[in-house]
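# Chain and residue survey
Residue-level listing of the chains:
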Amino acid sequence: MTDYYEILEVSREATKEEIKSAFRKKARTLHPDVNKAPDAEEKFKELGKAYETLMDDNKRATYDRYGEDGLKNAGFNTNGPFDGGFGDLNDIFSSFFGGMGGFGFGGRPDPNAPVEGDDLRLDIEINFEQAIFGCEKEIKFDHLELCSECGGTGAEKGSQPVTCPTCHGTGQVKQVMRTPLGSIAQIVPCPDCKGSGKKISNPCKACKGHGKLQKEKKLTIKIPAGVDNMSKIRVSREGDAGTNGGPAGDLYVVLHVKASDYFKREGNDVYSRLDITPAQAALGDEIVVRTLDGEQKITVQAGVQSGNSIKIKGAGVPYIQRPSQRGDHIVVVAVKTPTKLTEEERNLYKKLYEIQNNKKATQQSSIMDKVKGVFQ
């Protein structure tokens, strides 16, 4: 697995300033316009991915805990800064590469190509029983939808965007910059159309030329039986709308399961505690306990000790992939000593105490008699 800290050669406790400094140093030597090694481009992309992740507090926290797979599962874009937008890297490169375009490996993508919309994350809370047996849940969330007035073009009805005369629709122009590394030809976003490749002379009044509107949406999603805390459900194509006919992103619903006051879950098994009296422990008993499926009678064997457990097979949590199969319910026994006794109970305990003491004395006397017999 790729380690972003090793790529940047910083410690896991590095500050943002230390990460920026390390990035500047390595970028100068790995930039494909300077480094002609066959793998320079790939290493430079990995460097940008590491920098972008560790400079974002949310991404860094997720990466530290779950790694690169955790970022993907959480719905973060893990393609790196060279996947269409460069974000915070602009201020780093402008100091010695004159901006973010023109890296010698293609620059910006075609502004008129279809672009998939952003993925979204929605956190919701469900109770313990809903997680165990599954349920249907109505959710509300905001996402970007194509403007219905202009169909996503951004232009008022009856008009259309036109090709930008400055960049001829490419969305970028070429500039030559002098840097500490010498003159470097770079590709920068077109200042006339802001990189879109198109100009709108008559913007749509509804979306103000953006082609998209933020709207609230309601959906009913199915939560499968057996989900656990922080499980994620992917709802396909319910993220933000795409651009230039690109598909919408996905919605990731993150589940927060409220803890039960009675059950404790470990994997697909559930645990509960059963308090019994010393008399029940000594004599055994049949006791009705609460399970996920309702009340059920179990047998407590005579002589049971605190900490012993009784297993109810197949009464635990369903397996998500095999809902017909379930874990077990483990009932942990706790012998509870009474703190308040009636006079009758106190007399009975005294009598029991005397019987046990007499029994103990008899046993000790028998042992001593046997020992004496050995030495006679």
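Up top is the structure these notes are about.
All values reported here derive from a predicted model rather than from experimental measurement. (Residues numbered from 1 in each chain as written. Predicted model: local features only at pLDDT ≥ 70, side-chain atom pairs only at ≥ 80, totals over all residues. Heavy atoms only, no water.)

### So, the overall build of the protein
Let me state the cut-off plainly: Think of it this way: any DSSP run of H or I at least four residues long counts as a helix, any run of E at least two long counts as a strand, and we number them from the N terminus. Using a 1.4 Å probe on the protein chains alone, a residue whose accessible area is under 20% of its type maximum counts as buried, one over 50% counts as exposed, and one in between counts as partly exposed. In this analysis, two residues are considered to be in contact whenever any of their non-hydrogen atoms come within 4.5 Å of each other. Where accessible areas are quoted, they stem from the Shrake-Rupley method and a 1.4 Å probe; at the residue level, only the protein chains shown are allowed to cover.
From N to C terminus, the protein includes eight helices and 15 strands. Counting over 376 residues, the protein shows a buried share of 36%. Across the protein, every contact between residues at least 6 apart in sequence was considered, and the portion connecting residues at least 24 apart equals 64%. Working note: accessible area of the protein is about 22,600 Å², and carbon and sulfur atoms make up 49% of it.

### Let's talk about the sheet that holds strand E11 (residues 269-276)
Note on sheets: strands pair through backbone hydrogen bonds, and any given pair is parallel or antiparallel. In plain terms, the rule: In short, DSSP must find at least two bridges between two strands for them to pair. Lines are fitted to the C-alpha atoms to define the axes, a helix being fitted only along its stretch in contact, and any angle between axes, read from their N-to-C directions, falls within 0 to 180 degrees.
Pairing is mixed across the open sheet formed by four strands, whose spatial order is E10-E11-E15-E14. If you trace the sheet from one side to the other, it starts and ends with strand E10 (264-266) and strand E14 (309-312), each paired once. Neighbour-to-neighbour, the strand axes of this sheet turn through a mean angle of 30°, independent of strand direction. Pairing between E14 and strand E15 (residues 329-335): four bridges, direction antiparallel.

### Examining the sheet that holds strand E1 (residues 120-126)
With mixed pairing, three strands are arranged side by side in an open sheet as E1-E9-E8. Each edge of the open sheet carries a strand with a single partner, namely E1 and strand E8 (232-235). In this sheet, neighbouring strand axes are inclined to one another by 25° on average, regardless of whether the strands run parallel or antiparallel.

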